[in-house]
Amino acid sequence: MKHGLKMAGVALAASGLLAGCGSTAAPTTTGSGSGTSAGGSTPAAGAPAASTTYTMGPAIKPKDGKQLKIGVAFPILDQFLQNVADGIKKRAADAGVTVDIVSAEENAATQLGQVENFVAQKVDGILIIPVDTDAAAPMTQKVTGANIPLAYVNRNPTGRPDGVPYVGSDSIVAGTLEMTELAKQLNNKGNVAILIGDPANEAAVQRTKGCKDVAQKVGMTVVLEQAGNWKRDKGLSITENWLQSGKQIDAICANNDEMALGAIQALKNANKLSSVKVGGVDATADALKALKAGELAVTVFQDAKGQGAGGIDAIVQLYNKEKVPGFVNVPYQLVTKDKADEFAAK
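So, how was this worked out
- Residues numbered from 1 in each chain as written.
- Predicted model: local features only at pLDDT ≥ 70, side-chain atom pairs only at ≥ 80, totals over all residues.
- Heavy atoms only, no water.
- Helix = DSSP H or I, 4+ residues; strand = E, 2+ residues; numbered from the N terminus.
- Expected span 1.5 Å × (residues − 1).
- Buried < 20%, exposed > 50% of the residue type's maximum accessible area, 1.4 Å probe, protein only.
- Arc of directions from axis to C-beta.
- Contact = heavy atoms within 4.5 Å.
- Polar contact = N/O pair within 3.5 Å; in protein donor to acceptor, adjacent residues only side chain to side chain.
- Salt bridge = Lys/Arg side-chain N within 4 Å of Asp/Glu carboxyl O.
- Axes fitted to C-alpha atoms, helices over the stretch in contact; angles between N-to-C directions.
- Left-handed = near helix turned anticlockwise from the far one by under 90°.
- Nonpolar A, V, L, I, M, F, W, Y, C, P; charged D, E, K, R; others polar.
- Phe/Tyr/Trp six-rings, centres within 6.5 Å; stacked < 30°, edge-to-face > 60°.

**Q** What's the story with helix α3 (residues 108-121) in this structure? I'm lost.
**A** Because each turn of an α-helix spans 3.6 residues, side chains separated by three or four positions end up pointing in the same direction. The end-to-end C-alpha distance of α3 is 20 Å, a good match for the 20 Å that 14 residues give at a rise of 1.5 Å each. Buried within α3 we find Q111, Q114, V115, F118 and V119. When α3 is viewed along its axis, its buried side chains cluster within an angular range of 145° and face the same direction. Opposite the packed face of α3, turned more than 90 degrees from it, sit the exposed residues A109 and A120. For α3, the secondary structure elements touched by its buried residues are β3 (69-74), β4 (98-103), β5 (125-128) and α4 (137-145). Two to three positions downstream of the cap, the backbone nitrogen of A109 sits 3.0 Å from a side-chain oxygen, assigning the N-cap of α3 to N107.

And the structure:
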């Protein structure tokens, strides 16, 4: 299914991302990227090999002066995805286009219906963050069959075709950066538990792979893993069960901050937080507070507003009949306690 990059490639990718991250940007092709297999975070099978790193530029506007209407289909509007929505709205305003944002409340059938409604309305472009990255093909077919510009944001669908760009981040890098820092803080020793997001999302698959690859490389052992579907309450209840099992856990590598914060609460309730390092991904406001308090060991910044802005730019470029690379990379950055204040302002 989804296999991601080999570790050598990840190390190179991570170093490049950290060197060149910006918050929002107009995409400019930088070369032919290193694609992964279908459904990975870099271009999917059949998608263009070209990639770009997204850095801030002036808002891209329709060449014909039309006020475009862009339909935006979200899976849900949680704390992180609301930031993506904010980035979409801000960039749309700067570009002089309007957006209609809907949420499917994590129901794939509902999302397909919403996309079909956008097609029926003959919107000028559609952005999708899919509920299920393995079941996005019908939406892709509906939109491209109507010759409406389409881009995916944040979650990369399996089998994404040529001409449909993905604007987001290379998910395996997030897990790699997170677990590398957790391992460093534990001197590469101990047992690891992994809180997985939604197994139907490529981000969960790739971040989990990054955690596992690093643990294996440094000689740590993954002893537990379970899907918490990105939710804080699930992270709490799963961690409570893990603690009751009696298994030794030295690190929890969570696929996102919400589950990490749930794990932290469970550890605090059991008076065991001091003996377990917890990591997350997204650098949300709550996570940065926990990082400053010394409760969260590490998080990884995912530029939500940059992804949203990049999605708008991609749609306008497609409307303008301009080429858009298959993978518009909005890079991750490692965030440790000493950098919490810096990223709170982003």
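That shown, we press on.
**Q** Can you walk me through the pattern of salt bridges in this structure?
**A** Side chains that differ in sign of charge can pair as their charged atoms come close. Within the structure shown, the criterion is met by 13 salt bridges. A salt bridge links K90 to D94, with the nearest nitrogen and oxygen atoms 2.8 Å apart. Within this pair, K90 and its partner D94 are both found in helix α2 (residues 79-95), separated by 4 residues, close to a single helical turn. When its relative accessible area of 52% is taken as the criterion, K90 is described as exposed. The class for D94 is partly exposed, based on a relative accessible area of 34%. Through salt bridges with shared partners, one network takes in R232, E258 and D286.

**Q** Just checking my understanding: could you explain the packing of helix α5 (residues 171-185) against helix α6 (residues 202-218) for this structure?
**A** Each pair of packed helices can be summarised by the angle the axes make with each other and by the distance between the axes. Orientation of α5 relative to α6, taken along the N-to-C sense of each, is 35°, at an axis distance of 7 Å. Pair α5 / α6 crosses with right-handed handedness. When α5 is examined against α6, the residues S171, I172, A174, G175, T176, E178, M179, T180 and A183 are found in contact with a partner set consisting of E202, A203, Q206, R207, K209, G210, C211, D213, V214, A215 and V218. A class-by-class count of the residues in the contact of α5 with α6 yields 9 nonpolar, 6 polar and 5 charged.

**Q** I would appreciate a short explanation of unusual backbone geometry in the present structure.
**A** Negative phi is the rule for most residues except glycine; trans is the rule for most peptide bonds. Even without glycine at this site, N187 takes up a positive phi of about 55°. Structurally, N187 can be placed in the loop between α5 and β8 (191-196). Its relative accessible area of 59% is what places N187 among the exposed residues.

**Q** How should the side chain of R155 be read in this particular structure?
**A** As for its position among the elements, R155 is in the loop between β6 (150-153) and β7 (166-168). Look at R155 and you get buried, because its relative accessible area is 5%. Side chain to side chain, R155 and N201 meet in a polar contact 3.5 Å long. Not counting the four nearest positions on each side in its chain, R155 is found in contact with P75, L81, E106, I129, P130, V131, T133, Y166, N201, E202 and W230.

**Q** Would you take a moment to explain the packing of aromatic side chains for this structure?
**A** Following the criterion strictly, the structure yields 2 aromatic pairs and no others. For the pair F301 and F343, a centre-to-centre distance of 5.1 Å together with 55° between the ring planes defines the contact as tilted. Of this pair, F301 sits in strand β12 (residues 299-301) while F343 is found in helix α11 (residues 340-344), placing the two residues 42 residues apart along the sequence. Residue F301 shares its accessibility class with F343, and that shared class is buried.

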